[in-house]
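# Summary of structural features
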Amino acid sequence: MSTLKRDKWSRQYGDWFRSVLIDAGIMDYRYPIKGCGVWMPYGFKVRKNVFEILRDLLDSTGHDETLFPLLIPETSLAKEAAHVGSFEEECFWVTRGGLTPLKVKYALRPTSETVIAPMLKLWIRSHADLPIKLYQIVSMFRYETKATRPLIRMREVASFKEAHTSHATPEDAEAQVKEAVKIYKKFFNEVGVPYCISRRPDWDKFAGAVYTLSFDMICPDGRTLQIGTVHNLGQNFSKAFDITYETEKGTQEQIWQTCYGISGRAIAAVLSIHGDDHGVVLPPNVAPIQVVVIPIPYKKKEKQINKTCEGIVATLKKAGLRVELDQRTDMRPGPKFYYWELRGIPIRIEVGPKDVENKEATVVRRDTLEKQTCKLNELGAAVQNLIEKMTQDMQQKAWQWMKVRTHRVDSLEEARQLVKKRAGIVEVLWCNRTECGHKLEEAVEARVLGVPVDIEEKVKGKCVVCERKAEHVVRAAIAY
Ligand code: ZN
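In this text the structure is predicted, and so the values were computed from the model without any measurement.

The accessible area lost on association of the parts is a frequent measure of interface size. Under the domain assignment used here, the protein contains domain 1 (7-273), domain 2 (291-386) and domain 3 (406-477). The C-alpha-based centres of domain 1 and domain 3 are spaced at 28 Å. Facing the 16 residues of domain 1 at the interface are 19 residues of domain 3. Together domain 1 and domain 3 conceal approximately 1,400 Å² of surface at their shared face, both sides included; 61% is due to carbon and sulfur atoms. The interface formed by domain 1 and domain 3 contains one salt bridge. At the boundary of domain 1 and domain 3, one finds seven residue pairs in polar contact (both at pLDDT 80 or more). Within the residue set of the side of domain 1 that touches domain 3, elements represented by two or more residues are strand S9 (196-199), strand S10 (211-218) and strand S11 (224-234). Considering every element that reaches the side of domain 1 that touches domain 3, the biggest residue donor is S9, with four residues.

In the first shell of the zinc ion, the protein supplies Cys431 (SG), Cys436 (SG), Cys463 (SG) and Cys466 (SG), at 2.2 to 2.4 Å from the metal. Relative to the metal, the four donor atoms surrounding the zinc ion lie at angles of 104 to 116°, and the coordination shape comes out tetrahedral. Each donor residue of the zinc ion lies on the same chain, and together they follow the pattern C-x4-C-x26-C-x2-C. With a gap of 35 residues between them, Cys431 in the loop between strand S21 (425-430) and helix H15 (434-444) and Cys466 in the loop between strand S22 (447-452) and strand S23 (472-477) connect regions that are remote in the sequence. Among the residues examined, Cys431 registers a relative accessible area of 5% and is labelled buried.

Moving on, we get to H15. Along H15, the residues classified as buried are Cys436, Gly437, Leu440, Glu441 and Val444. Along the long axis of H15, the arc covered by the buried residues comes to 145°, so they all point the same way. Where H15 is buried, its residues meet helix H14 (412-420), S21, S22 and S23. Positive backbone phi, approximately 55°, marks Glu445, located one or two places after H15.

Among the twelve residues of strand S8 (residues 156-167), ten are classified as buried, and the element is accordingly described as predominantly covered. As paired elements, strand S7 (residues 132-141) and S8 share nine bridges and run antiparallel to each other. Residue Phe141 lies in a different strand from S8, and its bridge partner there is Glu156. Bridge count between S8 and strand S14 (residues 256-262): seven bridges; the pairing is antiparallel.

In the contact formed by helix H3 (residues 41-59) and helix H7 (residues 170-190), the axes pass within 10 Å of each other and the chain directions differ by 150°. If you check the angle between H3 and H7, you find them roughly antiparallel. In this structure, the crossing between H3 and H7 has a hand that is right-handed. Counted together, Val50, Ile53, Leu54, Leu57 and Leu58 of H3 and Ile183, Tyr184, Lys186, Phe187 and Glu190 of H7 form the full contact between these two elements. By residue class, the composition of the contact of H3 with H7 is eight nonpolar, no polar and two charged.

Nonpolar side chains collect at one region of the surface, where Tyr31, Ile33 and Val38 lie side by side and expose about 260 Å² of accessible area between them. Looking at the element boundaries, Tyr31 is found in the loop between strand S1 (27-28) and strand S2 (38-39). Residue Tyr31 is classed as partly exposed on the basis of its relative accessible area, which comes to 43%.

We now examine unusual backbone geometry. Along the chain, Leu130 connects to Pro131 via a cis peptide bond; the corresponding omega equals 0°. Positive phi, close to 80°, is recorded for Asn432, a residue that is not glycine. Summarising the element assignment, Asn432 is placed in the loop between S21 and H15. Although it is not a glycine, Glu445 sits at a positive phi angle of roughly 55°. Examined against the element boundaries, Glu445 turns out to sit in the loop between H15 and S22.

Before going further, it helps to examine empty space enclosed by the protein. Summary: where empty space remains is shown by rolling a probe the size of a single water molecule over the atoms. Inspection of the entire model under this criterion finds five cavities of 30 Å³ or more. The space that makes up the largest cavity amounts to roughly 80 Å³. Every residue lining the largest cavity is counted, 13 residues in all, and those nearest its centre are Glu113, Ile116, Leu120, His164 and Gln257. Elements with a contribution of two residues or more to the lining of the largest cavity: helix H6 (113-123), S7, S8 and S14.

This brings us to a negative patch on the surface. On the surface, Glu52, Asp56, Asp59, Asp64 and Glu190 cluster together into a negatively charged patch. With three residues, the single largest contributor to the negative patch is H3. Looking at the element boundaries, Glu52 is found in helix H3. Residue class for Glu52 comes out partly exposed when judged on its relative accessible area of 33%.

Read from one edge of the open sheet, five strands run S16-S15-S17-S18-S19, paired in mixed fashion. Each edge of the open sheet is held by one strand with a lone partner, namely strand S16 (323-325) and strand S19 (371-375). Strand-to-strand twist across the sheet, computed as the mean angle between neighbouring axes with direction ignored, equals 25°. The sheet contact formed by strand S15 (residues 291-295) and S16 spans three bridges and is parallel. Directly across from Val291, in S16, lies its bridge partner Val323. Against the sheet, helix H10 (residues 302-318) engages S15, S16, strand S17 (347-351) and strand S18 (360-365), with an angle of about 170° to S15. On top of the sheet, helix H11 (residues 333-342) reaches S15, S16 and S17; it is set at about 170° to S15, its chief contact.

Thresholds, definitions, all that
Residues numbered from 1 in each chain as written. Predicted model: local features only at pLDDT ≥ 70, side-chain atom pairs only at ≥ 80, totals over all residues. Heavy atoms only, no water. Domains from an automatic or database assignment. Contact = heavy atoms within 4.5 Å. Buried area = accessible area lost by both parts, 1.4 Å probe. Salt bridge = Lys/Arg side-chain N within 4 Å of Asp/Glu carboxyl O. Polar contact = N/O pair within 3.5 Å; in protein donor to acceptor, adjacent residues only side chain to side chain. Helix = DSSP H or I, 4+ residues; strand = E, 2+ residues; numbered from the N terminus. Donors = N, O, S within 2.8 Å, 3.2 Å for Na, K, Ca; no water. Tetrahedral: all angles 85-135°; square planar, octahedral: opposite > 155°, others 65-115°. Buried < 20%, exposed > 50% of the residue type's maximum accessible area, 1.4 Å probe, protein only. Arc of directions from axis to C-beta. Pairing = 2+ DSSP bridges. Axes fitted to C-alpha atoms, helices over the stretch in contact; angles between N-to-C directions. Parallel < 35°, antiparallel > 145°, perpendicular 65-115°, else oblique. Left-handed = near helix turned anticlockwise from the far one by under 90°. Nonpolar A, V, L, I, M, F, W, Y, C, P; charged D, E, K, R; others polar. Patch = residues over 30% accessible without salt bridge, like charges linked within 9 Å, V, L, I, M, F, W, Y side chains within 5 Å. Areas by Shrake-Rupley, 256 points an atom, 1.4 Å probe, with all protein chains shown as cover. 1 Å grid on protein atoms, 1.4 Å probe; cavity = no way out; pocket = protein on both sides within 12 Å on 5 of 7 lines; lining within 4 Å. Points joined across faces, edges and corners; volume = space filled by probe spheres on them. Lys, Arg positive; Asp, Glu negative; His and termini not counted. Charge placed at Lys NZ, Arg CZ, Asp CG, Glu CD.

This is the structure we're talking about:
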């Protein structure tokens, strides 16, 4: 029988998340600056594996990795009016070089449109230079005045993966938005994180964008977390920075742009959605260690037990798995189990004296904590199968979690009750007027996430606020 528990995980999610980050060796956020955290060695390995998936997806779709400066002159940031209006108060500003006050102060990158734009202006000459698809993985800084949360609301977002693309036509930019959505869907599918995709309402889009699409997930406490965004920038920045290209006909046109990003919240999402009261549960493809082998020592049999364990490790390594043999002598097997469970190692193999006698091992999967016995000569294939099964099961369970927490309702009152219970996302019919959007947010005490772009349906009925003809379904939730 499974001993899997998710009480603390769901009821005290905030505490669970904070303690699991430090206890499992992912991130230590006790740094003397609020909102800055330290990626610890184990966490860094998880981060690396997760981001490698995204890097591969971007590389294989014609994106080139680059690295732009961290400092932005205020004059650049100020060029796009909506943009600077939104970010001015959220920036960290460098105002002095040594003891000398700077004539033009520098912002620490809150986002990179205005870092990249002046360079695009120099690089782009003709239609033959387009499209340009760049990305970088960098820190960005926001002077958060709200309560910071490790990985979720940071002042230094230490692993922002942002792509910036330039195109000759609005159609090309629109197609790029679609490609970006496809890439992010693949990425989140690979790490087993369920999501919904919504077009953010105009009052909540990225400052400087024509429109913003957002990926949201539901956390164990019923709040949603924005885990990825895709923006169509139109010509807003190319106009502000006068980035033009020569068309085939010889005329000068301004370029069309998109940008999209995923932050360290992607890691928060992976840890949050799969975790339980024992700690982290990592999908096998991102786990730094996929299998841990633990000898159960027994008087006079130690040598044989250790030899069997070493044989198992060699076999599994040969099969391409990331394996660790825990031969620490200062720790009993029980505490070792907890140690590796906390860190989310997908598979544990135990070998005791009986196992050696029977040419067997005990195999435990982390997601359900179910045990099974397996013949040594079949262990390689069994572990591979189990990894595949676990990957699928974890994905299914996570999507099921999302599904039962997404509620289509007919009235504001029903929506309000569900939100009050922290039941997840509510979907209602909406006339598409801003006025009703704001009233909805007020009445339900939640944030409008936007109109679904991941489901197609003909809307029939009335706006839940004004009872005019509805144009869309709209999602709302309490969001991080
Ligand atoms: Zn309405």
